[in-house]
Structures are given as C-alpha cells and as structure tokens.
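# Fold and contact review
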Amino acid sequence: MSGTPEPRRRRRAVLLLVSISLAGLALLVVAGLQGTLVYYRTPSEAGAANAAGQRMRLEGEVVPGSVGATGELTRFRLSDGRHQVPVVVRGALPDTFREGQDAVVEGVLGGDGTLRSDRIAVKHSNEYRAAELR
C-alpha cells in the first residue's frame, strides 16, 4: 500500500475536515444573526446593563400619569415595579395604548437612559399587536 494513507488516518482526516467545516459554518451563522437578535429586557435589566447605544426590546407597564405628547413625539415611562425607563416614540401609537397597561417597545437606549423607540406593541387580550410607526 505504498502512496495511499491507512484507512484509519483517512477517517481521521475526513472527520477533522468535517469538524472544521461545521465550526466555520456555525461561526458564520452566529455572526450573521448577531445584529438581528433582540431579546426582551425589563427596565431593571436595562438600568443595570451598560447598554447605551445598543438596540433593545423593553417590556414593562406604562406608568400611569407618565404619558405626554408634544407634536409627533410621545413620552412615557415603562416600569417593572422596581425601576422605570423613560421612552420617546415618534409617530402614532396603537389605539389600544393605555396607561397602566403592559407594552413592548423596541429602539436604541440613549446615554441619558431614555429609550428612543421606533416600534411599540401593547398587550391586549393576551396577545401583543405591533403598530407600524411612521
């Protein structure tokens, strides 16, 4: 058998090549999804994390008495019972948006701790309905 590798060495080489290929593919998938995955956070988690400038999805109760509108901007605070995060939304809010109700907002957390939202969904009858913001 001169010039041909032993069957055991050949299997090891194929296994090594397949392993390296799978690891490379996994890295590509993770890198591709990294910017698209946004997890829900609570106001307490957002306050504890050094997340300024990061995109996040925040869930909490709209604090009663915190909603105010100026032109196209609506400001309110979300709370999880322990911490509150100020939120600014540009555009129309869903018709079901109310103080004291659960909402999910998505946007970028500013250095001042305010979430500048471009998407909002409110809880209504056990389901979240997203509103398109303009």
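Notes on the structure in this doc start here. Predicted, not measured: the structure shown is a model, and the values here were computed from it.

### Here's the deal with the overall build of the protein
- The secondary structure content of the protein amounts to two helices and eight strands.
- Order of helices (α) and strands (β) in the protein, N terminus to C terminus: α-β-α-β-β-β-β-β-β-β.
- In the protein, which comprises 134 residues, the proportion classed as buried is 28%.
- Summing over all exposed atoms, the protein offers an accessible surface of approximately 9,200 Å²; the carbon and sulfur share of this is 54%.

### Describing the pairing of strand E6 (residues 102-109)
- E6 sits mainly inside the fold: six of its eight residues count as buried.
- Here strand E2 (residues 55-62) pairs with E6 via seven bridges, running antiparallel. Each bridged residue has a counterpart across the sheet, and for methionine 56 the counterpart in E6 is glycine 107.

### Considerations on the environment of valine 67
- Secondary-structure assignment places valine 67 in the loop between E2 and strand E3 (68-70).
- Exposure remark for valine 67: the relative accessible area of 32% places this residue in the partly exposed category.
- Each C-alpha atom of the pair valine 67 and glutamate 99 lies 7.2 Å from the other, and the pair is 32 residues apart in sequence.

### Observations concerning the nonpolar core
- Counting 17 residues, the largest nonpolar core has Leu58, Phe76, Leu78, Val87, Val105 and Leu115 as its most contacted members.
- Ignoring anything within four residues of it in the chain, the contact list for leucine 115 reads Met56, Leu58, Val85, Pro86, Val87, Val88, Val105, Gly107, Val108 and Leu109.

### A short note on the pattern of salt bridges
- One pass over the full model with this rule turns up five salt bridges.
- As a salt-bridge pair, glutamate 72 and arginine 90 come within 3.9 Å of each other at their nearest N and O atoms. Here arginine 90 lies in strand E5 (residues 84-90) and glutamate 72 lies in the loop between E3 and strand E4 (73-79), a separation of 18 residues in the sequence.
- By relative accessible area, arginine 90 is classed as partly exposed at 47%.

### Some words on the side chain of serine 66
- Mapped onto the elements of the fold, serine 66 is located in the loop between E2 and E3.
- Within the structure, serine 66 has its side chain in polar contact with the backbone oxygen of valine 63 (distance 2.6 Å).
- Separated by 3.1 Å, the side chain of serine 66 and the backbone nitrogen of arginine 77 make a polar contact.
- Every residue in contact with serine 66, bar those within four places of it in the chain, is listed here: Arg75, Phe76, Arg77 and Glu99.

### Points about the packing of aromatic side chains
- Taken as a whole and assessed by the stated rule, the structure comprises one aromatic pair.
- Sitting over the ring of tyrosine 40, arginine 57 keeps its end group 5.2 Å from the ring centre.

### What to know about the pairing of E2
- Bridging between strand E1 (residues 40-41) and E2 involves two bridges; their strand directions are parallel. Looking at E2, one finds that tyrosine 40 is bridged to arginine 57.
- One ladder, built from two bridges, connects E2 with E4; its direction is antiparallel. In the strand pairing of E4, glutamate 61 is matched with serine 79.

Cut-offs applied
- Residue positions are counted from 1 within each chain, in the order its sequence is given.
- Thresholds applied to this predicted model are a pLDDT of at least 70 for local features of residues and 80 or more for the giving and counting of side-chain atom pairs; totals over whole chains, interfaces and linings are not thresholded and use all residues.
- Working from all heavy atoms in the structure, the side-chain values ignore hydrogens and water.
- Secondary structure elements are defined from DSSP: runs of H or I of at least 4 residues count as helices, runs of E of at least 2 residues count as strands, and each element is numbered from the N terminus.
- For every residue, the accessible area obtained with a 1.4 Å probe (protein chains only) is divided by the maximum for its type, and the residue is called buried under 20%, exposed over 50%, and partly exposed between those limits.
- All accessible-area figures derive from a Shrake-Rupley calculation using a 1.4 Å probe, and residue coverage is judged against the displayed protein chains alone.
- Any two strands with at least two DSSP bridges between them are considered paired.
- Definition used in this section: a nonpolar core is a set of buried Ala, Val, Leu, Ile, Met, Phe, Trp, Tyr and Cys residues joined via side-chain atoms within 4.5 Å.
- Any two residues whose heavy atoms approach within 4.5 Å at even a single point are treated as in contact.
- Only one rule defines a salt bridge in this text: a Lys or Arg side-chain nitrogen within 4 Å of an Asp or Glu carboxyl oxygen.
- Pairing of N or O atoms within 3.5 Å defines a polar contact, subject to two protein rules: one partner must be a possible hydrogen donor and the other a possible acceptor, and residues neighboring in sequence count only if both atoms are side-chain atoms.
- Here the aromatic set is Phe, Tyr and Trp, taking the six-membered ring for Trp, and pairing holds for ring centres within 6.5 Å; pairs whose planes are under 30 degrees apart are stacked, those over 60 apart are edge-to-face, and all others are tilted.
- Two conditions define a charge located above a ring, namely a distance within 6 Å from the ring centre to NZ of Lys or CZ of Arg, and an angle within 35 degrees of the ring normal.

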